[in-house]
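Working through the structure, step by step
Take a look at the letters that make up each chain.
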Amino acid sequence: QAQLVEIGGGLVLPGGSLRLSCVAFGFTFNSYRMAWFRRAPGKAREFVADIDWSATYTYYGDSVKGRFTISRDNVKKVVVLQMDSLAPEDTAVYYCAATSSYDHTETMSSYDFWGQGTQVTVSS
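Described below are features of the structure shown in this document. Everything quoted here is computed from the prediction, not taken from an experiment. (Residues numbered from 1 in each chain as written. Predicted model: local features only at pLDDT ≥ 70, side-chain atom pairs only at ≥ 80, totals over all residues. Heavy atoms only, no water.)

**Points about the environment of aspartate 90**
Applied cut-off: Strands here are runs of E lasting at least two residues and helices are runs of H or I lasting at least four, both read from the DSSP assignment and numbered beginning at the N terminus. Any pair of residues with heavy atoms lying within 4.5 Å of one another is described as a contacting pair.
Looking at the element boundaries, aspartate 90 is found in the loop between strand S8 (78-83) and strand S9 (92-99). As for aspartate 90 and arginine 39, which are separated by 51 residues in sequence, their C-alpha atoms are 9.4 Å apart. Excluding residues that lie within four positions of it along the chain, aspartate 90 makes contacts with Arg38, Arg67, Phe68, Ser85, Val120 and Val122.

**Regarding the nonpolar core**
Where we set the bar: Buried Ala, Val, Leu, Ile, Met, Phe, Trp, Tyr and Cys residues form a nonpolar core when they are joined through side-chain atoms within 4.5 Å. For every residue, the accessible area obtained with a 1.4 Å probe (protein chains only) is divided by the maximum for its type, and the residue is called buried under 20%, exposed over 50%, and partly exposed between those limits.
Ranked by size, the top nonpolar core spans 29 residues in total, and within it Met34, Trp36, Val79, Leu81, Met83 and Tyr94 carry the most contacts. Looking at this core, the elements with two or more residues in it are strand S3 (18-25), strand S4 (33-39), strand S5 (46-51), strand S7 (68-73), S8, S9 and strand S11 (118-122). If we ignore the near neighbours within four places in the chain, the residues touching valine 79 are Leu20, Ser21, Cys22, Phe29, Met34, Trp36, Ile51, Ile70, Ser71, Arg72 and Cys96. In this structure, Ala35, Phe37, Phe47 and Ala97 belong to the second largest nonpolar core, which totals 5 residues.

**Some thoughts on the packing of aromatic side chains**
Aromatic rings considered in pairs are described by the distance between their centres and by the relative angle of their planes. For clarity, the cut-off: Classification of ring pairs rests on two measures: the distance between centres of Phe, Tyr or Trp rings, Trp counted by its six-membered ring, which must be within 6.5 Å, and the angle between planes, read as stacked under 30 degrees, edge-to-face over 60 and tilted in between.
In this structure the tally under the stated criterion is 8 aromatic pairs. Measuring from ring centre to ring centre gives 6.4 Å for phenylalanine 27 and phenylalanine 29, while their planes differ by 50°; the resulting arrangement is tilted. Assigned by exposure class, phenylalanine 27 and phenylalanine 29 land together as buried. Measuring from centroid to centroid gives 5.2 Å for phenylalanine 37 and tyrosine 111, while their planes differ by 80°, and the two rings are edge-to-face. Note that phenylalanine 37 is positioned in strand S4 and tyrosine 111 in the loop between S9 and strand S10 (113-114), a separation of 74 residues in sequence. Taken as a pair, phenylalanine 37 and tyrosine 111 share a single burial class, namely buried. Members of the aromatic cluster, each reached through a chain of ring pairs, are Phe27, Phe29, Tyr32 and Phe113.

Okay, structure coming up:
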């Protein structure tokens, strides 16, 4: 059974960094495009970043460009979101997701598997 497990959320000061990891189980990881989404309090879930199966192409939401970096290790079956220069507006539950779509997509319904989410809080 397919499963995604997010690790690494927590509390961080504004301007700080945090690294989220997502470990995949039960499906052919290197055949899937991987992504991160987030849902801030009172807001809809939004796209953060995605990466193709070969780690050649990455895409970022406008609000995180230049601050967040997505990467993957197909041997370890892990996708990582490195978050730098964090701001209070980045406070959200962060979700890992997997899609069999070959092309970049920000449409949540296109994603086949989702993690349970991990809380990131940016506050002084």
